[in-house]
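A look at the structure
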Amino acid sequence: MLSSTISLKPNSNFSPRIHLFPPKFDIAQPKSRMASLPSFLGGLNLSRVAANMGVDASSAAASSDQSSEFCTLMEYVGKGGIDVGDDLVVLFGHLEYASKKIAALVASPFNSSLGKNVTIASTPSERDEPKPLDIVSNEIILSALRHSGKVSVMASEEDDLPVWINDDGPYVVVTDPLDGSRNIDASIPTGTIFGVYKRLVELDHLPVEEKAILNSLQSGTRLVAAGYVLYSSATILCASFGSGTHAFTLDHSTGDFILTHPNIKIPPRGQIYSVNDARYFDWPQGLRQYIDTIRQGKGKYPKKYSARYICSLVADFHRTLLYGGVAMNPRDHLRLVYEANPLSFIAEQARGKGSDGKSRILSLQPVKLHQRLPLFLGSPEDIDELESYGDVQQKVNPGYEV
Ligand SMILES: O=P(O)(O)OC[C@H]1O[C@](O)(COP(=O)(O)O)[C@@H](O)[C@@H]1O
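Residues numbered from 1 in each chain as written. Predicted model: local features only at pLDDT ≥ 70, side-chain atom pairs only at ≥ 80, totals over all residues.

We apply this condition: UniProt positions are given in the numbering used here, feature names are shortened, and annotations may be inferred rather than shown by experiment.
An unreviewed UniProt entry annotates the protein as fructose-bisphosphatase of Coffea arabica. What the UniProt record of the protein gives under Catalytic activity (unreviewed entry) is the line "beta-D-fructose 1,6-bisphosphate + H2O = beta-D-fructose 6-phosphate + phosphate". Heading Sequence similarities (unreviewed entry) of the UniProt record for the protein holds this comment: "Belongs to the FBPase class 1 family."

Some remarks on the site of the ligand
Stated formally: A residue counts as near a molecule or strand when its C-beta atom, positioned from the backbone, falls within 6 Å of it. In this text, helices come from DSSP runs of H or I with a minimum length of four residues, and strands from runs of E with a minimum of two, each type numbered from the N-terminal end. Residue type decides the class: Asp, Glu, Lys and Arg count as charged, Ala, Val, Leu, Ile, Met, Phe, Trp, Tyr, Cys and Pro as nonpolar, and the leftover types, Gly among them, as polar. Bear in mind that the domain bounds are from an automatic or database domain assignment.
Around the ligand, the surrounding shell holds 13 residues, and the nearest of these are Asp 179, Gly 180, Asn 276, Ser 312 and Leu 313. The element that contributes the greatest number of residues to the shell around the ligand is strand E13 (residues 326-335), accounting for 3 residues. Each residue belonging to the shell around the ligand can be placed in one class, and the counts come to 3 nonpolar, 6 polar and 4 charged. Viewed by domain, the shell around the ligand spans two of them, domain 2 (86-261) and domain 3 (272-387), each represented by three or more residues.

Describing helix H12 (residues 380-387)
Condition: Counting other C-beta atoms within 10 Å of each residue's C-beta, where C-beta atoms are placed from the backbone, gives the exposure class: buried for 20 or more, exposed for 12 or fewer, partly exposed between. An arc is given here, and it is the one of the directions from the helix axis to the C-beta atoms. Whether two residues are in contact depends on their C-beta atoms, placed from the backbone: they are in contact if these lie within 7 Å.
For H12, every residue scored as buried is listed here: Asp 382, Ile 383 and Leu 386. Seen end-on, H12 carries its buried residues on one side only, within an arc spanning 95°. On its buried face, H12 sits against helix H9 (285-295), E13, strand E14 (353-355) and strand E15 (372-378).

Observations regarding the confidence of the model for the protein
Cut-off, in case you're wondering: Confidence of the predictor at the level of single residues is given by pLDDT, which spans 0 to 100.
Per-residue confidence for the protein gives a mean pLDDT of 85; residues scoring 70 or more make up 79%. Residue range residues 1-67 is modelled with pLDDT below 50. Its contacts to residues more than four positions away, or to other chains, number 81 contacts. Interface scoring of the predicted complex returns ipTM 0.96; its pTM is 0.84.

Describing the sheet that holds strand E9 (residues 245-251)
What counts, and what does not: Strands are labelled as partners when DSSP assigns at least two bridges between them. Lines are fitted to the C-alpha atoms to define the axes, a helix being fitted only along its stretch in contact, and any angle between axes, read from their N-to-C directions, falls within 0 to 180 degrees.
Read across the open sheet, the 8 strands follow the order E4-E3-E5-E6-E7-E8-E9-E10; overall the sheet is mixed. Where the open sheet ends on each side, the last strands, each with one partner, are strand E4 (163-164) and strand E10 (256-261). Sheet topology note: the strand E8 (residues 235-240)/E9 ladder contains 5 bridges and is antiparallel. Among the inter-strand pairings, Ile 236 is bridged to a residue of E9, identified as Thr 249. Against the sheet, helix H10 (residues 313-323) contacts strand E5 (171-179), strand E6 (190-198), strand E7 (225-231) and E8, and its axis sits at roughly 80° relative to E6. Strands strand E3 (151-156), E5, E6, E7, E8 and E9 of the sheet are contacted by helix H11 (residues 336-349), whose axis makes an angle of about 85° with E6.

Quick notes on unusual backbone geometry
A positive phi is found at Ser 187, a non-glycine position, where the angle reads about 60°. Positionally, Ser 187 belongs in the loop between E5 and E6. With phi around 50°, Asn 263 is a residue other than glycine that occupies positive phi space. Relative to the helices and strands, Asn 263 resides in the loop between E10 and strand E11 (272-274). In this structure Asn 263 comes out as partly exposed when scored by C-beta crowding, with 13 C-beta atoms within 10 Å.

Re the nonpolar core
Rules: Remark: nonpolar core denotes a set of buried Ala, Val, Leu, Ile, Met, Phe, Trp, Tyr and Cys residues whose joining runs through C-beta atoms within 7 Å.
Formed by 93 residues in total, the largest nonpolar core has its most connected members in Val 173 and Val 196. It is H11 that provides the largest number of residues to this core, a total of 8 residues. Shared between two domains, this core takes at least three residues from each, and those domains are domain 2 (86-261) and domain 3 (272-387).

A short note on the environment of Ser 359
Among the secondary structure elements, Ser 359 is positioned in the loop between E14 and E15. Looking at Ser 359, the number of C-beta atoms within 10 Å reads 11, which means it is exposed. Put simply, Ser 359 and Ala 144 are 215 residues apart on the chain and 34 Å apart in space, counted from C-alpha to C-alpha.

Shown next as structure tokens:
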């Protein structure tokens, strides 16, 4: 059998089979593959899962040989896994819960018109109006972090200032709760981005507002963990704890995020560029030349590149991570603290690069919470080639309407 399946008890009309996350590994040789897997990849209790689903546990047990190859996010980070420490496990449990709520929110038929263009309540009569989904997502994450008890401060792209949560929380979380929400009314993929730092205890004596800001302005080199959640045909939580980049896919039947993409390595070079090239005439000479060159297959890689642009950062980045190439926004638009740093951390952990066109993103010291900058993420050889054109940062930024 190539995948773990459970037969549901047949009813009068059909006998569906639920495929539980078929392994990504070389299933042609399950024994040798399993022998090479770390021990923590075992132990998923399929009987329990089956019982929760109200399906035939004996069929589940029959499949349990295959299921032992699968590992949930919580198993991965816990004691039997890479053991990131109890505090971070609890924090990730709450982030995981928040992301499932947001996944349900963006997929709900009742929220299908709550993208960016909704009026934000300013008068009493507007207060009863539904809120835009990025605001609701922000509230979901804040609530999850509060309940975790592990976070001292949350800085969000949606808030002017960071929110101080708990004096004893060991961690600081920066987040863009729902990126790409301008596309949501058309069901285009969206995503959550987050980064986790340690609280700077040496700042504990400062007034709350001051220490909240300074804790949130830490350099990307101090990230303890970072991740994104892609809400698309699958909901995928991709994270790094400083030892590689790993992606987990939500199994809607159990509510678990299952390790589906262990140790992602971005291809050293891709053949795809991702940019809003309607802005071509606002680009500097270097960027125009670079794109013209790779489009024609005249760059260091002698093949013509293809263009792919979803205009949803998490989705464009996720594709780039898997297929290689470069995802970019050359104008001062994306935020260093909430977007560029966490995604660059993940890119680097996958052997990729994150650049502002001149310098490594993680080496930049944030000076303002909502600081914006050009962002180039992708395969190391593509980023090196792009940087070699020198003049790739778009300085003209007329504030496009769409
Ligand atoms: O308009 P551009 O320059 O193509 O920017 C698109 C980018 O802006 C974003 O929509 C984020 O913008 P917001 O922070 O204003 O939502 C990204 O998801 C996307 O990659």
